[in-house]
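# Examination of the molecular architecture
This is what each chain is made of:
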Amino acid sequence: MSEKTLVHNQWSSRMAFMLAAIGSAVGLGNIWKFPYITGEYGGGAFVLVYLVCILMIGMPVMMAEILLGRRGRRSPINTMRELAATAGASRLWGVVGWGGVVTGFLILSFYSVVAGWALAYVIEGVAGAFKGLDGESAGALFGELTASPGRLVFWHSVFMLMTTVVVANGVRSGLERLVTWLMPLLFVLLAVLVGYAMAAGDFSHGVHFLFDIDFSRVFTVCDEAGQCRFTAEPSLVAMGHAFFTLSLGMGAIMVYGSYMPHDASIAGSTVMIAVADTLVALMAGLAIFPLVFANGLEPAAGPGLVFVSLPIAFGAMPGGQLFGTLFFVLLVFAAWSSSISLVEPAVAWLTENRDLPRARAAWLVGGLAWLLGIGSALSFNLWSGEKYQLFGKTLFDIKDFLATNIMLPLGGLAIALFTGWAVGRRLPEGELAMRSPVLFGAWRFTVRYISPAGIVLIFLNAIGLV
Ligand code: TRP
């Protein structure tokens, strides 16, 4: 092989990894979820806890997940089993892979419903439905969509079909190459929206809300009536979101790590992925909150926040019909390149261990997630009543809470402990191949002590023990 082809191959597989990982990380979590939970949990202090979790838990665990994937080169279940066997540790570590498969199903089953909202809003954009919206009419437009079980199930089905077709045909690289152009475009559009929010929104109120740190808010949650209660929930949610937004804790990044060539830097890639992901989320916040305050909307409005605030802006700005449509198209693509990573661990395992052809595995997994997702869609209408709730949460909220705030951090804890304690020092040292022994030492210390202790502390805090 000539040197030229060699270089090219290396470049493209390194690029393939970065595209897949950024495509997986940047999604509804950044643009839909981050603003809405930040609004719900009171702003600045929540953002700070989230950023600390990204840095002290998310990034070290991401390095661990990538290095395990690159060493194992198989589905997460088999990677965990094999690496455990090689290290002389218990095969029970395979449970981490299984937990990841279940978590992926749970997340996809509500993710797809929200991606369906974005699809429905593409059509609203084309039809000019954003024209002249104010706070109330924008709320009504969103309310009409979520009140209709038929429309929600329809769009959820369309999105699940899109995801399954890509996974079944193994044309992920095609989608990811497309995303190379679309993600920067999404970024530019977000910048335009931040500019618009500066000009037309209450920008300083938005900035203060996002960045002023009021520590009392980390431990209180207030309802619409202004009743506040003491709770550790915000830090649990901030930690859960750090895992969610970076696609960590369930094996998605582990699978993608197996694309990575040996000479690519895991630490460098991790920094790039985390920075890109965090920037997109902060920009979404900077675009949305000034509009929320200028239009008399409630920051704690819940999952509809983005779908109510941004259309008001699109309805008022010049060229808004085009921008609005384009924005939701790009959001759909961002969600699409994320959702395929949610099914990948399950599909990879089915093809490896059950000898299923890729297409059959994808349809099996997609079908099951579709079925589960119907419950999430009905949570907004037919099953929204108290009769169908548990602890005041709908099925949609329960799945999100359980998967994001419990299962992902548990998966992350196991991955940190496995990499930090069970496989010894040589394996991570060789895979990370960091030039600076000090940095490697700092990473190893973090993954052995700081990340696990942080996760456990936040869990204990949440159940009221610390
Ligand atoms: N990170 C994606 C987002 O922010 C969602 C996602 C994709 C995900 N794959 C994942 C979350 C794996 C947790 C685990 O939209």
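Our subject is the structure listed above.
Worth saying up front: this structure is predicted, and the values here are computed from it rather than measured.

Thresholds, definitions, all that
Residues numbered from 1 in each chain as written. Predicted model: local features only at pLDDT ≥ 70, side-chain atom pairs only at ≥ 80, totals over all residues. Heavy atoms only, no water. Helix = DSSP H or I, 4+ residues; strand = E, 2+ residues; numbered from the N terminus. Rg over C-alpha atoms; globule rule 2.2 N^0.38 Å. Contact = heavy atoms within 4.5 Å. Areas by Shrake-Rupley, 256 points an atom, 1.4 Å probe, with all protein chains shown as cover. Lys, Arg positive; Asp, Glu negative; His and termini not counted. Charge placed at Lys NZ, Arg CZ, Asp CG, Glu CD. 1 Å grid on protein atoms, 1.4 Å probe; cavity = no way out; pocket = protein on both sides within 12 Å on 5 of 7 lines; lining within 4 Å. Points joined across faces, edges and corners; volume = space filled by probe spheres on them. Expected span 1.5 Å × (residues − 1). Buried < 20%, exposed > 50% of the residue type's maximum accessible area, 1.4 Å probe, protein only. Core = buried A, V, L, I, M, F, W, Y, C linked by side-chain atoms within 4.5 Å. Patch = residues over 30% accessible without salt bridge, like charges linked within 9 Å, V, L, I, M, F, W, Y side chains within 5 Å. Salt bridge = Lys/Arg side-chain N within 4 Å of Asp/Glu carboxyl O. Near = heavy atom within 4 Å. Polar contact = N/O pair within 3.5 Å; in protein donor to acceptor, adjacent residues only side chain to side chain. Sits in = over half its atoms within 2 Å of the grid points. Nonpolar A, V, L, I, M, F, W, Y, C, P; charged D, E, K, R; others polar. Axes fitted to C-alpha atoms, helices over the stretch in contact; angles between N-to-C directions. Parallel < 35°, antiparallel > 145°, perpendicular 65-115°, else oblique.

Along the backbone of the protein there are 18 helices and 2 strands. Since a compact globule built from 466 residues should have a radius of gyration of about 23 Å, the 22 Å found for the protein is in line with a globular shape. Looking at the protein alone, contacts between residues at least 24 apart form 80% of all its contacts between residues at least 6 apart. Counting only carbon and sulfur atoms, one obtains 67% of the accessible surface of the protein, whose full area is about 18,600 Å². The positive charge centre, built from 26 side chains, and the negative charge centre, built from 26, are 14 Å apart in the protein.

Under the criterion given, the structure shown has 3 cavities of 30 Å³ or more. If you add up the space inside the largest cavity, you get close to 130 Å³. Lining the largest cavity are 15 residues, with Ser-24, Ile-107, Phe-244, Ser-247 and Leu-342 positioned closest to its centre. Counting only elements with at least two residues in the lining of the largest cavity, the list comes to helix 1 (3–25), helix 5 (94–126), helix 10 (233–245) and helix 14 (320–353). In terms of residue count, helix 14 provides more of the lining of the largest cavity than any other element does, 3 residues in total.

Quantified by volume, the largest pocket comes out at close to 1,200 Å³. For the largest pocket, the lining is made up of 41 residues, of which Glu-40, Tyr-41, Val-221, Glu-233 and Ala-300 are closest to its centre. Among the elements of the structure, helix 2 (28–40), helix 6 (135–147), strand 1 (220–222), helix 10 and helix 16 (395–422) are those that each provide at least two residues to the lining of the largest pocket. Volume-wise, the second largest pocket comes out at about 450 Å³. Considering the residues around the second largest pocket, the lining is formed by 19 residues, among which Met-63, Ala-267, Val-271, Met-434 and Leu-439 are closest to the centre. Every element with two or more residues in the lining of the second largest pocket is listed here: helix 3 (44–72), helix 12 (266–294) and helix 18 (437–462).

Because each turn of an α-helix spans 3.6 residues, side chains separated by three or four positions end up pointing in the same direction. Taking 1.5 Å as the rise per residue, helix 12 with 29 residues should run 42 Å; its terminal C-alpha atoms sit 43 Å apart, in good agreement. For helix 12, the tally of buried residues reaches 22 of 29 residues, placing the bulk of the element in the interior.

Another point: the nonpolar core. The biggest cluster of nonpolar side chains holds 164 residues, and the ones touching the most others in it are Ile-31, Trp-117, Phe-307, Phe-327 and Phe-328. In terms of residue count, the dominant contributor to this core is helix 5 (17 residues). Discounting residues that sit within four places of it in the chain, Trp-117 has contacts with Trp-32, Phe-142, Leu-145, Thr-146, Leu-152, Pro-303, Phe-307 and Phe-380.

Turning our eyes to something else, we now look at unusual backbone geometry. One non-glycine residue, Ser-247, lies in positive phi territory at about 60°. Here Ser-247 shows up in the loop between helix 10 and helix 11 (252–257). A positive phi angle is found at Asp-355, which is not glycine, with a value near 60°. Tracing the backbone through its elements, the reader meets Asp-355 in the loop between helix 14 and helix 15 (358–378).

Next up on the list: a nonpolar patch on the surface. The grouping of Val-52, Leu-55, Met-56, Leu-417, Trp-421, Phe-445, Tyr-449 and Ile-450 at the surface amounts to a nonpolar patch, some 710 Å² of accessible area in total. Secondary-structure elements contributing two or more residues to the nonpolar patch are helix 3, helix 16 and helix 18. Inspection of the secondary structure puts Trp-421 in helix 16.

Around the ligand there are 17 residues in total, and Gly-29, Tyr-111, Phe-244, Ser-247 and Ser-341 lie nearest to it. Tyr-111 is positioned with one of its side-chain polar atoms (N or O) 2.5 Å from an oxygen atom of the ligand. Contact distances for the ligand include 2.8 Å between a nitrogen atom and a backbone N or O atom of Phe-244. Of all the cavities here, the one that holds the ligand is the largest cavity. Looking at the shell around the ligand, the elements with two or more residues in it are helix 1, helix 2, helix 5, helix 10 and helix 14. Class assignment of the residues belonging to the shell around the ligand gives a composition of 9 nonpolar, 8 polar and no charged.

Bringing the packing of helix 10 against helix 16 into the picture now. For any two helices packed against each other, one specifies the inter-axial angle together with the distance between the axes. At a closest axis distance of 8 Å, the pairing of helix 10 and helix 16 adopts a crossing angle of 70°. With respect to each other, helix 10 and helix 16 are oriented roughly perpendicular. Contact residues: Leu-236, Val-237, Met-239, Gly-240, His-241, Phe-243 and Phe-244 in helix 10; Phe-401, Thr-404, Asn-405, Leu-408, Pro-409 and Gly-412 in helix 16. Its residues placed into classes, the contact of helix 10 with helix 16 shows 8 nonpolar, 5 polar and no charged.

The topology assignment puts Ser-309 in helix 13 (residues 305–316). Residue classification places Ser-309 among the buried positions, given a relative accessible area of 0%. Other than its neighbours up to four places away in sequence, Ser-309 contacts Ile-288, Leu-291, Val-292 and Leu-297.

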